[in-house]
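Examining the three-dimensional arrangement
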Amino acid sequence: MQSNRKITLAIAIIVAMIFFTFFASLNMGYIRIAPIDVIQTLFGFGTEKDELVLFDFRLPRMVIALLIGAGLAVSGAILQAVSQNGLADPGILGINAGAGLAVVLFIYFYQGSSTSLGLDSIFLMPLAALLGGIFAAFLIYTIAWKKGVTPIRLILVGIGVNAAFGAALIIFQLRMDPRDFMQATIWLSGSIWGTNWKFVLAVLPWIFILIPYTIYKARYLNILNLGDQIATGLGAAVERERRLLLVLSVALAGSCVAVGGGIAFLGLVAPHLARRIVGPKHQAMLPTSALMGALLLLIADTIGRNLLAPSEIPVGIVVSAIGAPYFIYLLMKTN
Amino acid sequence: MSLRERNTEETATSVKVNKDSEKINSRPIVATVILFAGLLLLVLSLGTSISFGAAEIDLKTVWEGVFQYDSSLTTHQIIQELRMPRALAAAIVGAFLAVSGAIMQGMTRNPLASPSIMGISAGSAFMIAIAFAFFPGTTYLGLMGMSFIGAGLAAAIVFGIGAFSKGGLTPVKLALAGTAVGALLSSISSAIAIHYNVAQDMSFWYAGGVAGTKWISIQLLIPIALIGIGLAMVLSRSITVLSLGDDVAKGLGQKTGLVKVFGTVVVLLLTGAAVSVAGTIGFIGLVIPHITRFLVGMDYRWIIPCSAILGALLLVLADLGARMVNPPFETPVGAITALIGVPFFLYLARNEGRGL
């Protein structure tokens with residue numbers, strides 16, 4: 001067990017790192033802005049150009065990175081506890097694919113073209129993604145249900161459902177015109193494309209309501225983590241809590257996917273790192289995961305913006321490129 | 001069959017019976033029926049596949065186009081240049097994928113082992129992305145080669161992860177490793193594709209199925225078929241023994257390592273070739289061996305040829321279906337086989353207690 005002081009220290013260090021990365025990331029990009037100019041601009045004394053770049057492009061995008069990083073990490077932490085499988089992640093389980101399919105269908109049928117996204121659709125898209133994610137989770141849960149749900153069955157069914165959504169996606173994608181196709185590809189591989197304060201507003205409530213509520217439910221996650229038998233023995237209504245927590249996880253993943261596309265592996269890696277730092281108790285682990293996810297996604301997005309500038313690598317690709325080897329490492333270690 | 005072989009087989013059977021009260025039940029009669037009836041159906045469906053398309057061609061003309069080719073007739077040219085290579089490629093690729101799946105499942109005793117969930121198509125797509133981005137003038141043959149290398153690369157990585165991980169290549173681990181390697185490779189290829197603006201070209205290549213197959217592919221596939229499927233048949237008896245478990249096979253004096261090496265070579269050869277011609281066609285390699293085992297029993301000397309026939313049949317029909325769903329547009333045949341295969345995969349996953 002980790003002591004409270006150590007946990008506080010760890011959280012303080014992560015927060016400090018977030019601040020540092022945040023500030024560094026503000027300087028970097030296709031247009032470089034010197035640190036002193038950033039400070040001036042933040043206090044309202046910058047040039048018009050700097051103000052435009054910072055307030056209208058860079059800041060909202062970074063805030064979104066922080067928000068969905070936190071959201072995906074907590075979603076992954078819930079899934080790992082609920083499925084009692086340390087390798088669970090909304091991306092691997094097909095929830096991202098479900099949300100992704102819903103959004104592509106939404107663009108395909110409702111919008112006609114992704115280049116003309118109106119205001120209403122900014123707020124409708126998280127909803128579409130959410131519905132898609134819930135639908136995927138519902139499918140996975142019902143198919144895996146057989147007098148209860150075993151973790152392995154949940155994962156395997158998730159992989160299968162993922163493949164089905166992938167097949168459906170490719171059918172629709174190939175019918176799009178090349179511009180929309182490119183747009184959809186970038187979005188699906190995980191890209192923060194909403195560089196706009198309205199997108200921040202669209203995800204903010206989800207994150208700020210659901211994460212605290214999950215932390216409030218932390219003790220159930222602790223119990224579920226012990227396995228079904230012990231959980232039932234301790235008097236928790238296992239299936240009911242599991243379902244509720246699953247819905248929370250899907251709601252978080254769905255709303256994040258709507259703005260950030262299919263970012264895989266973040267929900268896997270962040271909780272793992274958090275668990276290493278503060279131990280398995282969810283009261284401490286969930287907030288640490290959230291911070292860790294926010295930090296990782298901010299770093300990944302900064303890399304994605306700068307590595308091949310002026311062309312951007314979608315953040316999801318950066319996360320996969322870093323996360324997949326880590327996942328493989330975990331896979332080789334676990335029995 | 002020599003006496004020694006017969007003895008070995010009997011021992012194998014009795015060991016198996018003692019071990020988990022399940023015996024090698026092979027049904028040679030059913031298998032023979034499948035081979036002949038399947039071949040007949042395959043020829044019929046090839047004919048149908050050739051006759052169906054934007055220009056309707058009746059079966060009589062198909063016959064003439066194939067056997068009494070007259071280069072002055074447009075229909076005969078369509079048959080020879082477009083329809084025939086496509087139909088033949090579907091048959092060969094289907095057979096390749098099914099045989100690969102059968103060998104993998106037999107060797108690893110893992111009911112989920114199959115080309116499509118091992119990140120192989122992502123590996124192929126990765127090399128194709130490199131080809132499109134950095135060597136834009138690559139010939140069709142060059143692309144095939146690249147794709148072949150990529151498929152082999154991915155399979156080697158996934159097998160390697162299995163070999164180096166604690167507890168070996170369990171079904172769940174295989175599926176997860178395949179997913180992770182696939183995600184890694186496809187994330188890199190997306191980065192390349194986005195940076196060099198070749199994303200849709202790539203998707204068309206690896207979702208395209210057998211639509212644009214040329215004779216040169218068929219000419220390459222035939223020797224691979226002879227070598228690969230021939231070697232698979234040579235190995236088939238050893239695979240039957242191996243499918244009883246490593247310990248049993250070793251106890252019977254089998255050099256399991258050697259069999260696995262050759263088995264892996266066959267798998268890489270066949271899947272690499274299949275993916276390089278037809279791109280991502282999932283689930284045939286998963287579904288067909290299961291169906292075949294259900295029909296003909298556990299003897300791989302029957303399973304391998306029957307899988308080949310049934311796999312060929314399924315892909316020819318799926319390709320026909322891909323053209324009929326929404327003409328004149330083509331639905332990616334990989335999507336069709338996935339939509340057929342996924343329910344089956346889910347069924348296997350649900351019964352994970354029994355099969356895995």
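Here the structure is a predicted model, which means the values were calculated and not measured. Numbers given to residues run from 1 along each chain, matching the order in which its sequence is written. Working convention: letters from A go to chains and numbers from 1 go to ligands, in the order in which they are written. Thresholds applied to this predicted model are a pLDDT of at least 70 for local features of residues and 80 or more for the giving and counting of side-chain atom pairs; totals over whole chains, interfaces and linings are not thresholded and use all residues. Only heavy atoms go into the side-chain values, all of them from the structure, while hydrogens and water stay out.

Here we come to the overall build of chain A. Each helix is a run of H or I in the DSSP string that is no shorter than four residues. Each strand is a run of E no shorter than two, and both are numbered from the N terminus. In terms of helices and strands, chain A carries 14 helices and zero strands. For chain A, the sequential pattern of α-helices and β-strands runs α-α-α-α-α-α-α-α-α-α-α-α-α-α. Considering only contacts in chain A between residues 6 or more positions apart, those separated by 24 or more positions represent 77%. All accessible areas in this document rest on Shrake-Rupley with a 1.4 Å probe, and a residue is counted as covered only by the protein chains that are shown. Surface summary for chain A: the accessible area is close to 13600 Å², and the carbon and sulfur share equals 70%. The contact rule is simple, with two residues in contact once any of their heavy atoms fall within 4.5 Å.

Let us look at the overall build of chain B. Looking only at helices and strands, one finds 15 helices and zero strands in chain B. For chain B, buried positions account for 55% of its 356 residues. Across chain B, every contact between residues at least 6 apart in sequence was considered, and the portion connecting residues at least 24 apart equals 75%. Working note: accessible area of chain B is about 14800 Å², and carbon and sulfur atoms make up 69% of it. Here's how the labels work: a residue is buried when its accessible area is under 20% of the maximum for its type, exposed when over 50%, partly exposed in between, all with a 1.4 Å probe on protein chains only.

The next point concerns the confidence of the model for chain B. Residue and element names in this part refer to chain B. Summary of the metric used: pLDDT quantifies the predictor's per-residue confidence within the range 0 to 100. Overall, the predicted model of chain B reaches an average pLDDT of 79, with 87% of residues at or above 70. Ranking the helices and strands of chain B by mean pLDDT puts helix α13 (residues 300–324) first, with 90, and helix α1 (residues 3–20) last, with 43. Across residues 1–22, confidence stays below pLDDT 50; counting only partners more than four residues off in sequence or on other chains, it has 23 contacts. As scored by the predictor, the complex reaches a pTM of 0.75 and an ipTM of 0.71.

Residue count minus one, scaled by 1.5 Å, sets the expected span of a helix. Here helix α11 (residues 256–278) of chain B spans 32 Å end to end across 23 residues, near enough to the 33 Å set by a 1.5 Å rise per residue. At the C-terminal side of α11 of chain B, Gly-279 of chain B shows a positive phi close to 70 degrees.

In this complex, chain A contributes 49 residues to the contact, which on the side of chain B involves 43 residues. A simple way to read buried area is as the amount of 1.4 Å-probe accessible surface that goes missing from two parts once joined, with both sides added. Interface area lost by chain A to chain B is led by Leu-156, Leu-174 and Met-332 of chain A, which between them contribute 16%. Salt bridge criterion: a side-chain nitrogen from Lys or Arg within 4 Å of a carboxyl oxygen from Asp or Glu. Applying the counting rule to chain A against chain B returns zero salt bridges. Pairs of N or O atoms are called polar contacts if they sit within 3.5 Å, as long as, within protein, a hydrogen donor faces a hydrogen acceptor (for residues adjacent in sequence, only side-chain-to-side-chain pairs). There are zero residue pairs in polar contact (both at pLDDT 80 or more) connecting chain A and chain B. Elements supplying a minimum of two residues to the side of chain A that touches chain B: α5 (119–144), α6 (151–173), α7 (178–188) and α14 (315–333) of chain A. Per-element accounting of the side of chain A that touches chain B gives the leading share, 14 residues, to α6 of chain A. Under the convention adopted here, Pro, Cys and the residues Ala, Val, Leu, Ile, Met, Phe, Trp and Tyr are nonpolar, Asp, Glu, Lys and Arg are charged, and Gly plus all remaining residues are polar. Partitioning the side of chain A that touches chain B into residue classes produces 34 nonpolar, nine polar and six charged.

Its identity as a non-glycine residue notwithstanding, Phe-265 of chain A has a phi of 75 degrees, on the positive side. Along the polypeptide, Phe-265 of chain A turns up in the loop between α11 (238–260) and α12 (266–278).

What follows deals with the layout of surface pockets. All names here are of chain B. In this structure, the second largest pocket occupies an estimated 520 Å³ of space. Each cavity reported here is a set of points on a 1 Å grid over the protein atoms alone in which a 1.4 Å probe fits but cannot get out, each pocket an open set with protein on both sides within 12 Å along at least five of seven lines, and each lining residue one with an atom within 4 Å of a point. What lines the second largest pocket is a set of 22 residues, among which Leu-42, Val-43, Leu-44, Leu-46 and Gly-47 lie closest to the centre. Breaking the lining of the second largest pocket down by element, the ones donating at least two residues are α2 (28–51), α3 (59–67), α4 (74–108) and α13. The element that contributes the greatest number of residues to the lining of the second largest pocket is α2, accounting for eight residues. Grid points are joined across faces, edges and corners, and a volume is the space filled by probe spheres set on the points.

As a further point, take the packing of aromatic side chains. Residue and element names in this part refer to chain A. Only rings of Phe, Tyr and Trp enter the pairing, Trp through its six-membered ring, and a pair is recorded when the two centres are within 6.5 Å. The plane angle decides the type: under 30 degrees is stacked, over 60 is edge-to-face, the rest tilted. Summed over all chains, the structure comprises seven aromatic pairs over all chains. For the ring pair Tyr-326 and Tyr-329, a centre distance of 6.2 Å and an interplane angle of 35 degrees mean the geometry is tilted. Here Tyr-326 pairs with Tyr-329, and both are found in helix α14, just three residues apart, close to one helical turn. You can call Tyr-329 partly exposed: its relative accessible area is 40%.

Right, let's get into the pattern of salt bridges. Residue and element names in this part refer to chain A. Applying the stated criterion across every chain yields a total of eight salt bridges over all chains. Across the salt bridge formed by Arg-61 and Asp-301, the nearest N and O atoms sit 2.7 Å from each other. Taken together, the residues Arg-61 in helix α3 (residues 48–82) and Asp-301 in helix α13 (residues 282–306) connect sequence positions 240 residues apart. Across this residue pair, the class does not change: Arg-61 and Asp-301 are buried. When salt bridges with common partners are traced through the structure, they connect Arg-61, Asp-301 and Arg-305 into a single cluster.

In helix packing, the relevant descriptors are the interaxial angle and the interaxial distance, both defined with respect to the helix axes. All names here are of chain A. Packing of helix α9 (residues 218–225) against α13 brings their axes to within 8 Å, and their N-to-C directions diverge by 110 degrees. Here α9 lies roughly perpendicular to α13, going by the angle between them. Together, Ala-218, Arg-219, Leu-221, Asn-222 and Asn-225 of α9 and His-282, Gln-283 and Leu-286 of α13 make up the contact between the two elements. To get an axis, a line is fitted to the C-alpha atoms, and for a helix only the part in contact is used. The angle between two axes follows their N-to-C directions and goes from 0 to 180 degrees. Each angle receives one of four descriptions, namely roughly parallel if under 35 degrees, roughly antiparallel if over 145, roughly perpendicular if within 65 to 115, and oblique otherwise.

Membership of the largest hydrophobic core comes to 231 residues, with the highest contact counts inside it found for Phe-265 of chain A together with Phe-96 and Ile-103 of chain B. Counting residues per element, this core draws most heavily on α3 of chain A, which supplies 18 residues. Definition of nonpolar core: a set of buried residues of the types Ala, Val, Leu, Ile, Met, Phe, Trp, Tyr and Cys, connected through side-chain atoms within 4.5 Å.

All names here are of chain B. Taking 1.5 Å per residue as the helical rise, α2 with its 24 residues ought to reach 34 Å, and the 34 Å between its terminal C-alpha atoms agrees with that figure. Of all the positions in α2, only Ala-31, Ile-34, Gly-38, Leu-42, Ser-45, Leu-46, Gly-47, Ser-49, Ile-50 and Ser-51 are classed as buried. Where α2 is buried, its residues contact α3, α4, α12 (284–296) and α13.

So, on to the environment of Tyr-213 of chain A. Residues and elements named next belong to chain A. Tracing the backbone through its elements, the reader meets Tyr-213 in helix α8 (residues 197–216). Relative accessible area serves as the criterion here: at 33%, Tyr-213 is assigned to the partly exposed category. Placed 35 residues apart in sequence, Tyr-213 and Leu-248 show a C-alpha to C-alpha distance of 8.7 Å. Discounting residues that sit within four places of it in the chain, Tyr-213 has contacts with Leu-244 and Leu-248.

All right, on to a nonpolar patch on the surface then. Residues and elements named next belong to chain A. What goes into a patch is any residue over 30% in relative accessible area without a salt bridge, connected to like charges within 9 Å or, for nonpolar side chains (Val, Leu, Ile, Met, Phe, Trp, Tyr), within 5 Å. A grouping of Phe-23, Ile-39, Leu-42, Phe-43 and Phe-45 is seen on the molecular surface, where their side chains present a nonpolar patch of about 530 Å² in accessible area. Relative to the elements of secondary structure, Leu-42 occurs in helix α2 (residues 35–42). Of the residues examined, Leu-42 reaches a relative accessible area of 38% and is grouped as partly exposed.

A few words now on the packing of α3 of chain A against α13 of chain A. All names here are of chain A. Relative orientation of the contacting elements α3 and α13 amounts to 135 degrees, with a least axis distance of 7 Å. The orientation of α3 relative to α13 falls into the category oblique. In this structure, the crossing between α3 and α13 has a hand that is right-handed. Each of Arg-58, Arg-61, Met-62, Ala-65, Leu-66, Ile-68, Gly-69, Ala-70, Ala-73, Val-74, Ala-77 and Ala-81 in α3 lies in contact with α13, whose residues at this interface are His-282, Met-285, Leu-286, Ser-289, Ala-290, Gly-293, Ala-294, Leu-297, Leu-298, Asp-301 and Arg-305. Left-handed describes a crossing whose near helix is turned anticlockwise from the far helix by less than a right angle; the clockwise case is right-handed.

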